[in-house]
Amino acid sequence: MTAAMRDRLRGCLFGLAVGDALGAAVEFKAPGTFAPVTGFRAGGPHRLDPGEWTDDTSLAVALGDSIVSVGWDLNDQAKRYLDWYENGRYSVTGKCFDIGNQTRAALAQFKRTGDAYSSGSSAERSSGNGSIMRLAPVPVALAGLYPDQVKLLADFAEQSSVPTHPSAPCRSACRYFGVVLAALAAGEPREEVLSPTWPVLDDLGPLHPTVDAVARGSFRAKQPPAIRGGGYVVESLEAALWAFAGAQDFREAVLRAVNLGDDADTTGAVCGQLAGACWGESGIPADWRTGLARTDLLEAALGGTLRSGAMAAGALPSDPSARADRRQEGPSPTPVPAVSPPAGSYWVVTGRFLAGCFPGSLDPVEQERKYGAFADLGITTFINLTVV
Ligand SMILES: [Mg+2]
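Student: Any chance you could explain the overall build of the chain here in plain terms?
Tutor: A count of helices and strands for the chain gives 15 helices and two strands. Taking all 388 residues of the chain together, the buried fraction comes to 54%. Taking the intrachain contacts of the chain between residues at least 6 apart in sequence as the baseline, contacts between residues at least 24 apart amount to 73%.

Next up, the structure:
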């Protein structure tokens, strides 16, 4: 992975949190009824401090933590969402202070059944923006699937919607949005990715007609008030794309999004993922990057190879063998995080069995760092063949 791609993948998650935090102060306000947002400010319905973020980022952090901890496991993802809802884990304040209706109902059902595959409502009217707002960790973890395995990448993105938002529009929106984010992070030009004739759209399989219309450029033909930062997934996606497509840089994109008002934090979070994947963490204004609350939680959700400082030992190898056993048609039921292994190592069995340099060091700090990088990949047992 190149340093530029790493910057864009980090930007995708940090952009989500920045957009969420910018919009939190004006959530639920009608457009034009508030002083335009220009930076972090205190207040909003949850009375947050400047730079603090809401459920959008908490759920993204929970999803990322699940993927880097156990691989791909929908029940584990739902368990962590429930842990946030009931215990405030992954929250910037230590409490769950806001939750969408669909997410609340689905988590209550999940608590009763323990089955994330059947916990959400698949009725088409249940099509809120709660699964696109948290999506970043999926393209972050599975960026290696782009461009060769777009359909598999889309399948994972779609499946991430299921525990809380299994309706057809929500699933289609995640399918499209996940691949767009991975393409931007891979360095594809924005104009190409957003083009109605982007060839990759044909690899996604049929999208729900409402999402397909957005993917084919509906956002280019409209302006507010026809563009609305509402809670409906199609409206939210369209608004975020409108804000992103018409902006010169990260700052302009997310400010266009949150100043639509209404579900401003979520429009900001969706747009922030796009803008961050396009312009990178380095494209986020420095005062927003440093003013963001609880970045330790975001770092933890990124996993070892993308964590701040993880590149210090040198560029990570581009390792096709890491994905050699992933050639399959649908999401795997077993944990298979497609993250690159640390330099000097390779997957023997993806996500489970790694071979390479033993992570020891005479320097205890360095040894801790090395072990941590492996632990982040789920490696918990080490066999030192150089000593045996
Ligand atoms: Mg929110």
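On we go.
Student: I would appreciate a short explanation of helix 4 (residues 101–113) in the present structure.
Tutor: Given 3.6 residues to a turn, an α-helix orients residues that are three or four positions apart in the same direction. End to end, helix 4 covers 19 Å across 13 residues, agreeing with the expected 18 Å (1.5 Å per residue, within 8%). Contacts made by the buried residues of helix 4 are with helix 3 (74–87). Phi turns positive one or two residues past the end of helix 4, at Gly114, with a value near 70°.

Student: Mind showing me how you'd approach unusual backbone geometry here?
Tutor: As a rule of thumb, non-glycine residues mostly have phi less than zero, and peptide bonds are mostly trans rather than cis. The residue after Tyr146, namely Pro147, is reached through a cis peptide bond having omega 10°. Secondary-structure assignment places Pro147 in the loop between helix 5 (137–142) and helix 6 (150–159). Residue Pro225 is bonded to the preceding Pro224 through a cis peptide linkage, with omega at 10°. For Pro225, the position within the fold is in the loop between helix 9 (209–215) and helix 10 (233–245).

Student: Please explain helix 6 as it appears in this structure.
Tutor: Most of helix 6 is tucked away, with nine of its 10 residues classed as buried. Within helix 6 the residues assigned to the buried category are Val150, Leu152, Leu153, Ala154, Asp155, Phe156, Ala157, Glu158 and Gln159. Buried-residue contacts for helix 6 involve helix 3, helix 5 and helix 7 (168–185).

Student: What is the right way to look at the confidence of the model for the chain in this model?
Tutor: Low-pLDDT stretches of the model should not have their predicted coordinates read in fine detail. Within the chain, residue pLDDT values average 88, and 79% of them lie at 70 or more. Of the regions scoring below 50 in pLDDT, residues 312–338 engages in 53 contacts with residues more than four places distant in sequence or in other chains.

Student: Can you walk me through the nonpolar core in this structure?
Tutor: Generally speaking, nonpolar side chains in soluble globular proteins are found buried as a group. Grouped together as the largest cluster of nonpolar side chains are 110 residues, with contacts concentrated most on Leu13, Leu153 and Val179. Per-element accounting of this core gives the leading share, 12 residues, to helix 7. When neighbours within four sequence positions are excluded, Leu13 is seen to be in contact with Ala60, Gly64, Ala136, Pro137, Val140, Leu298, Ala301 and Leu302.

Student: What am I meant to see in the packing of helix 7 against helix 12 (residues 264–279) here?
Tutor: In a pair of packed helices, the angle between the axes and the distance between the axes together describe the arrangement. Relative to each other, helix 7 and helix 12 sit at 25°, their axes nearing to 7 Å. When the axes of helix 7 and helix 12 are compared, the pair comes out roughly parallel. Seen from above, helix 7 lies across helix 12 with left-handed handedness. On the side of helix 7, the interface is formed by Leu181, Leu184 and Ala185, while helix 12 contributes Gln273, Leu274, Ala277 and Cys278. Here the contact of helix 7 with helix 12 is built from residues that sort into six nonpolar, one polar and no charged.

Student: Even after reading the chapter, I still don't get the packing of helix 1 (residues 3–24) against helix 7, so can you show me in this structure?
Tutor: Taken N-terminus to C-terminus, the directions of helix 1 and helix 7 make an angle of 145°; their axes are 8 Å apart at the nearest point. Between helix 1 and helix 7, the contacting residues are Met5, Arg8, Leu9 and Cys12 on the first element and Leu181, Leu184 and Ala185 on the second. Classifying every residue of the contact of helix 1 with helix 7 gives six nonpolar, no polar and one charged.

Student: Is there a simple way to explain the environment of Asp155 in this structure?
Tutor: By the element assignment, Asp155 lies in helix 6. For Asp155, a count of 22 C-beta atoms within 10 Å puts it in the buried group. Remark: the alpha-carbon pair of Asp155 and Leu204, spanning 49 residues in sequence, is separated by 8.8 Å.

Student: Can you walk me through the environment of Asp76 in this structure?
Tutor: Along the chain, Asp76 turns up in helix 3. For the pair formed by Asp76 and Ala116, sequence separation is 40 residues and the distance between their alpha carbons is 8.5 Å. Apart from residues lying up to four places away in sequence, Asp76 is in contact with Ser66 and Val70.

Definitions and limits used
Residues numbered from 1 in each chain as written. Predicted model: local features only at pLDDT ≥ 70, side-chain atom pairs only at ≥ 80, totals over all residues. Helix = DSSP H or I, 4+ residues; strand = E, 2+ residues; numbered from the N terminus. Buried ≥ 20, exposed ≤ 12 C-beta atoms within 10 Å, placed from the backbone. Contact = placed C-beta atoms within 7 Å. Expected span 1.5 Å × (residues − 1). pLDDT = per-residue confidence, 0-100. Core = buried A, V, L, I, M, F, W, Y, C linked by C-beta atoms within 7 Å. Axes fitted to C-alpha atoms, helices over the stretch in contact; angles between N-to-C directions. Parallel < 35°, antiparallel > 145°, perpendicular 65-115°, else oblique. Left-handed = near helix turned anticlockwise from the far one by under 90°. Nonpolar A, V, L, I, M, F, W, Y, C, P; charged D, E, K, R; others polar.

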